[in-house]
Amino acid sequence: MNIISLGFILFLLAAVLIYYLTPGKVQWVTMLILSIVFYCLAATPYTILFLLFSAGLAYFSGIVMADPENGDALNGFNKKATAVVTIAIVLNVAVWFIMKGSAYWIQLSAWLHAKFSVFPEMKAVPLAAAFGMGYYTCQTIGYIVDCSWGTAKPEKNFFKLFLFLAFFPQLTTGPISRYATLSPQFYAGAKFSIDRIARGSQRILWGFFKKLVIAERVSIVVNAVYGDPASYTGLWTWVAALLYPVQIYTDFSGSVDVVLGAAELFGITLPENFNNPFFSQTSQEFWQRWHMSLGNWAKDYIMYPVLKSKKVVSLTKNVKKKFGKRASKIASLAIGVFCTWFVMGVWHGNYKFIVGCSIWYWLVMLTYEILGPSLSKLNKMLHVREESFGWITFRRIRTYIIYTLSMVFFRSDGISEAINMLKRMFAALTPSASNVWIFIDGSLYKAGLTKFDFTIIFAGIIALMIVAVLREKYGYARNWIAEQGLAFRWIIWIALFACVIVYGEYGPGYHSADFIYAGF
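As the structure is a prediction and not an experimental result, all values here were calculated from the model. (Residues numbered from 1 in each chain as written. Predicted model: local features only at pLDDT ≥ 70, side-chain atom pairs only at ≥ 80, totals over all residues. Heavy atoms only, no water.)

Undergrad: Is there a simple way to think about the packing of aromatic side chains in this case?
TA: By convention here, two paired aromatic rings are described through the distance between centres and the angle between planes. Using the criterion set out here, one finds 51 aromatic pairs in the structure. Residues F11 and F168 carry aromatic rings whose centres are separated by 5.3 Å and whose planes lie at 90° to one another, so their mutual orientation is edge-to-face. Separated by 157 residues along the polypeptide, F11 in helix α1 (residues 6–21) and F168 in helix α8 (residues 168–173) bring together distant segments of the chain. In this pair, the class of F11 matches that of F168, namely buried. On the numbers, 6.1 Å between centres and 40° between planes, the contact of Y249 with W290 is tilted. (Phe/Tyr/Trp six-rings, centres within 6.5 Å; stacked < 30°, edge-to-face > 60°. Helix = DSSP H or I, 4+ residues; strand = E, 2+ residues; numbered from the N terminus. Buried < 20%, exposed > 50% of the residue type's maximum accessible area, 1.4 Å probe, protein only.)

What follows is the structure, given as structure tokens:
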């Protein structure tokens, strides 16, 4: 069940009605039942057993940690509790690796088989993976670790813990929530509120606009260029590469808008996943604004524990003694960022993500850290006004291009295809291969979109920029809209609804592409 489908809308309407007809004290039970029903409708029903298995591991490890005889987070747990926690985490990762990370061992076995025929070529497990496995696995591990650190209290009711993992809006495309912030909201007893329904619906509508009006149109050009490299040469490669970040942003953030809006209908606040990432002036800032829940998860559960480990602390101290404080900082950053990005790359389920995202951004951030002071001195020598609009715009464009190059790996079918695409892109910058005339002779309209479609895309991007500016100033654009007069507010929301109905890609004969991040 796609979250932009009519089926999802009808399910959501029925769920809201049933939820608010339920007494507050047992609303969480209603939500649990609704989440199970949704799972069975949206995914292969038997795969809910994987979710139950993950929840069971988390629950059992929590119960063991809650037993005073096994120690506590402050004074340390005994060997029994430590072993249970370790096994629970390992088994969760193992199940994910077998079901969602199969590309790693399938591709590796195929390569080994091609090189050495004695190695067998492995096939995928003949079972469907659980819906939202990448997201709920992170939440499960986060819950177990939080309990071991003492930042979360082990849940004694299995069904309440299961609801935390199975809450139906976030199973689709995230975000990744923390137990301590999400779980208490289920038991607060939400009362029906017109304002809450309105704000949730507004968020959903904005997500529909991003996905149906912008992302689906942009995908037509991107798919055409990537799907037929022989026909789309020269600057076509840059058209597709530069448009793909727009596609993945409007697709992914659009899905999250729908999810957050749906949760808001029930009085549940989920963590934000995006904060105007294309306003970022550096790659580090970009990843503090993009897929924030995954980045925060990796930072808290991977980066900080690695940097605080005895071996890393000892290493950085030795580096500081021999080479100085700055070298120690760079060494610490290199280790911490590499581990963080490696895990985030692995989470995406394919070698190309590790190469194109993890290693690429590790090198970019490490290079920036090494050259940063020298570049700042150079700017001062050249009297560059770093707070000027021109300089800020340059830095934002630079960050966008760095992201564009990494997304070539994300979009391509494999590493070799991505490398070939990059070669074609840079070859297109030479005078002999440049076909700049495609921008003036109507060739752009031969990739599946009309002039009107490009106008809609351009207008949509302008709308995104306006909303982004309002968000920077007011927190949310809808906060600013809410302060305006009644007539103006209605004009805005009716116009947005009309754009989705009139210009959205849907209807008979149309098959919506799944959200890009729904596959994780």
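Undergrad: I'm lost on the nonpolar core in this one. Help?
TA: In a soluble, globular protein the nonpolar side chains are often hidden away together inside. One finds L51, W236, F266, W287 and W290 to be the most contacted residues of the largest nonpolar core, which totals 137 residues. At 18 residues, helix α11 (residues 236–265) tops the list of elements feeding residues into this core. Those residues in contact with W236, other than ones at most four positions away along the chain, are V221, V225, N435, I438, S443, L444 and A447. (Core = buried A, V, L, I, M, F, W, Y, C linked by side-chain atoms within 4.5 Å. Contact = heavy atoms within 4.5 Å.)

Undergrad: Is there a simple way to explain a nonpolar patch on the surface in this structure?
TA: Residues I370, L371, L375, L378, M381 and L382 make up a contiguous nonpolar surface patch of roughly 580 Å² in combined accessible area. As for its position among the elements, L375 is in helix α16 (residues 351–381). Since its relative accessible area comes to 38%, L375 is described here as partly exposed. (Patch = residues over 30% accessible without salt bridge, like charges linked within 9 Å, V, L, I, M, F, W, Y side chains within 5 Å. Areas by Shrake-Rupley, 256 points an atom, 1.4 Å probe, with all protein chains shown as cover. Salt bridge = Lys/Arg side-chain N within 4 Å of Asp/Glu carboxyl O.)

Undergrad: Which parts of the structure should I look at to understand the layout of surface pockets?
TA: A volume near 1,200 Å³ is recorded for the second largest pocket. Taken together, 34 residues line the second largest pocket, and the ones lying closest to its centre are S201, Q202, I204, L205 and F497. Where the lining of the second largest pocket is concerned, the elements lending two or more residues are α1, α10 (194–227), α20 (477–482) and α21 (486–503). For the lining of the second largest pocket, the element with the most residues is α10, which contributes 11 residues. Taken together, the residues of the lining of the second largest pocket sort by class into 25 nonpolar, 5 polar and 4 charged. Counting contributing residues, the lining of the second largest pocket receives three or more from each of domain 1 (6–192) and domain 2 (195–270 + 418–520). (1 Å grid on protein atoms, 1.4 Å probe; cavity = no way out; pocket = protein on both sides within 12 Å on 5 of 7 lines; lining within 4 Å. Points joined across faces, edges and corners; volume = space filled by probe spheres on them. Nonpolar A, V, L, I, M, F, W, Y, C, P; charged D, E, K, R; others polar. Domains from an automatic or database assignment.)

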